[in-house]
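# Breakdown of the fold
Below, each chain spelled out in residue letters.
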Amino acid sequence: MQIQLQRDQTFLKDFEERLAKDQALSSWDLFLLSYQAAEAKQIKHFNELMTPSLLPHMTFLSHQLDCVKQVIEQMNGRAILADEVGLGKTIEAGLLLKEYMIRGLVKKALILVPASLVNQWATELTQKFYIPVVTSRKRPTWDQDNIMITSIDLAKREPHYSTILEQQYDFVLVDEAHKLKNHQTKSHQFIRALKKKYCLLLTATPIQNKLSDIFNLVSILKPGYLGDFKTFSEKFGKNNKALENDTHLKQLIKQVMVRNRRTDTGLEWTKRHVETIWIDFSKEEMEAYEALKELTSTKASFAKITYLRELCSSREACYLSIKKNTEEDHKDYQDYATLLEMIETLPNHAKAIKVAELVQSINDKCIIFTEYRATQLYLQWVLQQHGITSVPFRGGFKRGKKDWMKQLFEHKAQVLIATEAGGEGINLQFCHHMINYDLPWNPMRLEQRIGRIHRYGQTKDVHIYNFAIRHTIEEHVLQLLYNKIGLFERIIGNLDAILADLELSNMDKEMEQIFLQSQSEGEAKIKLDNLSEIITNNLSQKEQENQYGNRESS
Amino acid sequence: MGIENLHKFLNTFFNENQCQVEQQTNEDLTIQLSPELDEQLMNRPFYWQYMKKMGLEGEPSRLYLTVNPNKKDEDENKYEFIHFGSPRLQQIIQILLSKGKYVKLYQSIITTQHTPLIPWLVLNIKISYIGKDKKEVLKSIGINMVNGAIINEFIHAIRDIQWGVKISDFCYTLTPLIQVKHSYQRIMQLVEEMLQQETHEWAATSWGKMEKEKNLLKQFYQSEEDSYQNHYQKELEAIESIYQPKIDISIVNGGMFFITQYTSFKLLNS
């Protein structure tokens, strides 16, 4: 065994210089204080977390602290963090990074997260952990010692790619690491090629469909740990059940992966109460809807579906959208002229009236989600007419404005009206009611909406109200898609993975295609039905996988 | 020792750095910063750069600190909660570690007789044991530069003595027989001898782990196709960076202390 010895190189020389000049010497008080400061910073024990006592404003859960100790002491800083969604993987990662920084073991780190989450990660790490971070802007500097947060897509593009590969990182973290499961992808190879000391891979779904997924993840952390790829795939191949049956393999994986289940942590989630609110169009509205359907049935553009969806949301949304699209084409405009007149004369939207009633009866904080900005404005006006205070929220708002709106909502207003883009990146646990004024056509986006209020930290049951207008396109989507999948009731962590596997990441496009290409409503219904069948099957399969994936955890 | 009382610690720090502590209760401190500390703490380089360029005297700001996490006051958020993990304290500690690094101090006494003072070199040393885990040990060692006598836990022993940056009246210093450099080397030699007598189980564990990991890696690359080959060296270095046992010796602070013969004698025999 060889222990390297590093000696102080600067003190003696500096001190002799200062003595010779008799200057820049300290007083006794400062000298003593300085020594006390060193004592305060001292790492007294090999194995004792220092971070929790330094962050008095944070309360950590026992499974989070256990995870951190396990990663530091047994896994030596190279691990897959695979807790189920909502148990605080980010908190665990933040604790680990902070602990290593306090111990002086990490100075330069690279944190790779999805582009949409870069800012959220930055806020969490600075506010919760006092970790000074840098996010990649237009001209990121890679060659300095800092904690850099960036998206993997940016990092693997030139000119960043080559510069990053030259760097020596003390710590690399990859969020949503299941994207690295295929060893032939550029992302996987990029992470393999990084010069890194500690490495954390975060994913809620370490095994998506093949055991080789986990082989490839582990190979990033510890090449050779599960043997070589050929032998591994010959032995286990596509056999999903192998992990369940092979105790040896299970043991091995336990050494590199921490996976907590919600039920293990004793953290019971509050309930979701889901209620569908059926609304009937007024006679005039139904006439306008039918007229629009009639008029657009001959047109090939998918704008026609958009118009129908918009009319189900508000007159304003539909009107503005038709106007905008027909502005240049005069002939087209003629076609729509009478219809536009019809829309102009419509009374207040049936849904909007219902929303005001509902908000009044809830008499508590409430989030309304809509897909359209015109509707957002309209709803604000309607609510105001009913003496209800509301604030708007859009993805396009600057960070500061977002925080401001959130504050207003928390302390002053009863309602927050958010458009789709506002779905990501804010946590509103203080609110327990959510109204889906119109439904997105992508279940992931719906899951994100619900995730704003129904997440770890929510102490009360949450109520979700889904609005749908009978005998319209909304009825089909709600009945055939959402209710059938049972999306509202379950807490699905791996829905995105399933949709990706089915190549349905752009679910909304898929649905538009169905409506466009179907000759009749009946045909569209059958196709929707099939689609939800496929998703449901995959979901139950995933849930089984989860079951044995979970048995891996200690 | 450590920082037992944060409030007192801060008070001393600001006083010693030419800042006025304008107001204080058991929990709060209002500090009028000196220009130097404002530059180091308040993060407004452009202001100071501008002031200097214009030949103006800048106006240093006030700092409002509290050790009470639940502090509420009329002026919203005027007081900043300071605690061991807060970035502000880390900043202060960083400044301290560089400001309080080197000393030359004389024992303050009142006398009318000619009194010789004996030179001592004192080093406060941080030894870091770095393997797969890390631990630090602090040592404070002083050496009598006339006769070579050595004392451990030096700083603890001299805490209650009065020290000044100027020599007291009627006192004079003895010339060291052992130069600064050689005194330094003797202390370092002692530290290394102490280290050699330790068993270092931590290092053995870490080393064993490293060998195991290296073997795994070797096997993997022997059987794996060429495309992986180019990472072998990289992975090897990563393993070494995690597990290779190291001991780092660094000086926290230190300097020369001139002490009366009587006190030196007392220190040696305590």
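None of these values were measured; they are calculated from a predicted model. (Residues numbered from 1 in each chain as written. Chains lettered and ligands numbered in written order. Predicted model: local features only at pLDDT ≥ 70, side-chain atom pairs only at ≥ 80, totals over all residues. Heavy atoms only, no water.)

This next bit is on the overall build of chain B. Looking only at helices and strands, chain B has ten helices and eleven strands in total. The C-alpha atoms of chain B give a radius of gyration of 26 Å, which is well past the 18 Å a tight globule of 270 residues would have. Principal axes of the C-alpha set define a box for chain B whose edges measure 80 × 60 × 40 Å. Residues classed as buried in chain B amount to 50% of the 270 residues present. (Helix = DSSP H or I, 4+ residues; strand = E, 2+ residues; numbered from the N terminus. Rg over C-alpha atoms; globule rule 2.2 N^0.38 Å. Buried < 20%, exposed > 50% of the residue type's maximum accessible area, 1.4 Å probe, protein only.)

Across the contact, 67 residues belong to chain A and 85 residues belong to chain B. Taken together, both faces of the contact between chain A and chain B bury some 7200 Å²; the carbon and sulfur share is 64%. Between the two partners, chain A and chain B, sit four salt bridges. A salt bridge links aspartate 22 of chain A to lysine 104 of chain B; the shortest N-O distance between them is 3.2 Å. At the surface where chain A touches chain B, the tally comes to 21 residue pairs in polar contact (both at pLDDT 80 or more). Of all the elements in the fold, those that place two or more residues in the side of chain A that touches chain B are strand S1 (4-6), helix H1 (11-21), helix H2 (28-41), helix H4 (62-73), helix H9 (186-193) and strand S7 (195-202) of chain A. Here the side of chain A that touches chain B gets 14 residues from one element, more than from any other, and that element is H2 of chain A. For the side of chain A that touches chain B, the residue count by class is 31 nonpolar, 17 polar and 19 charged. In this structure, S1 of chain A lies alongside strand S11 (residues 246-260) of chain B, joined through three bridges in parallel fashion. Across the sheet, the residue bridging to glutamine 4 of chain A is lysine 246 of chain B, located in S11 of chain B. (Contact = heavy atoms within 4.5 Å. Buried area = accessible area lost by both parts, 1.4 Å probe. Salt bridge = Lys/Arg side-chain N within 4 Å of Asp/Glu carboxyl O. Polar contact = N/O pair within 3.5 Å; in protein donor to acceptor, adjacent residues only side chain to side chain. Nonpolar A, V, L, I, M, F, W, Y, C, P; charged D, E, K, R; others polar. Pairing = 2+ DSSP bridges.)

Residues and elements named next belong to chain A. Pairing is parallel across the open sheet formed by six strands, whose spatial order is S9-S14-S13-S10-S12-S11. The sheet terminates laterally at strand S9 (272-279) and strand S11 (390-393), the two strands that pair on one side only. Here the strands of the sheet are splayed against their neighbours by 20 degrees on average, with no regard to which way each runs. Each of S9, strand S10 (366-370), strand S12 (415-419), strand S13 (433-436) and strand S14 (462-469) is contacted by helix H19 (residues 350-362), which is oriented at about 160 degrees to S14, the strand it contacts most. Contacting S10, S11 and S12, helix H20 (residues 373-385) runs over the sheet at an angle of about 165 degrees to S12. (Axes fitted to C-alpha atoms, helices over the stretch in contact; angles between N-to-C directions.)

This brings us to the sheet that holds strand S3 (residues 62-66) of chain B. Residues and elements named next belong to chain B. Strand order in the open sheet made by the four strands is S1-S2-S3-S4, with mixed pairing throughout. On the outer flanks of this sheet lie strand S1 (20-24) and strand S4 (80-81), each paired with one strand and no other. Two strands pair when backbone bridges link them, and strand S2 (residues 28-32) and S3 are joined in this way by five bridges, in the antiparallel orientation. Directly across from leucine 29, in S3, lies its bridge partner leucine 65.

A word on the side chain of arginine 315 of chain A. As for its placement among the helices and strands, arginine 315 of chain A is situated in helix H17 (residues 315-326). Of the polar contacts made by the side chain of arginine 315 of chain A, one reaches the side chain of glutamate 316 of chain A; its length is 3.0 Å.

On to the nonpolar core, then. All names here are of chain A. Of all hydrophobic cores here, the largest spans 85 residues; its most connected members are Trp121, Leu200 and Leu201. Ranked by residues supplied to this core, first place goes to helix H10 (residues 211-221) with seven residues. Counting 78 residues, the second largest nonpolar core, distinct from the first, contains Ile305, Ile367, Cys431 and Trp441. (Core = buried A, V, L, I, M, F, W, Y, C linked by side-chain atoms within 4.5 Å.)

Turning our eyes to something else, we now look at the packing of H2 of chain A against helix H1 (residues 6-16) of chain B. In the contact formed by H2 of chain A and H1 of chain B, the axes pass within 10 Å of each other and the chain directions differ by 140 degrees. Here H2 of chain A is positioned oblique relative to H1 of chain B, judged by the angle of their axes. Seen from above, H2 of chain A lies across H1 of chain B with left-handed handedness. Listed contacts from H1 of chain B to Asp29, Leu30, Leu33, Gln36 and Ala37 of chain A of H2 of chain A are Phe9, Thr12, Phe13 and Glu16 of chain B. Residues that form the contact of H2 of chain A with H1 of chain B fall into these classes: five nonpolar, two polar and two charged. (Parallel < 35°, antiparallel > 145°, perpendicular 65-115°, else oblique. Left-handed = near helix turned anticlockwise from the far one by under 90°.)

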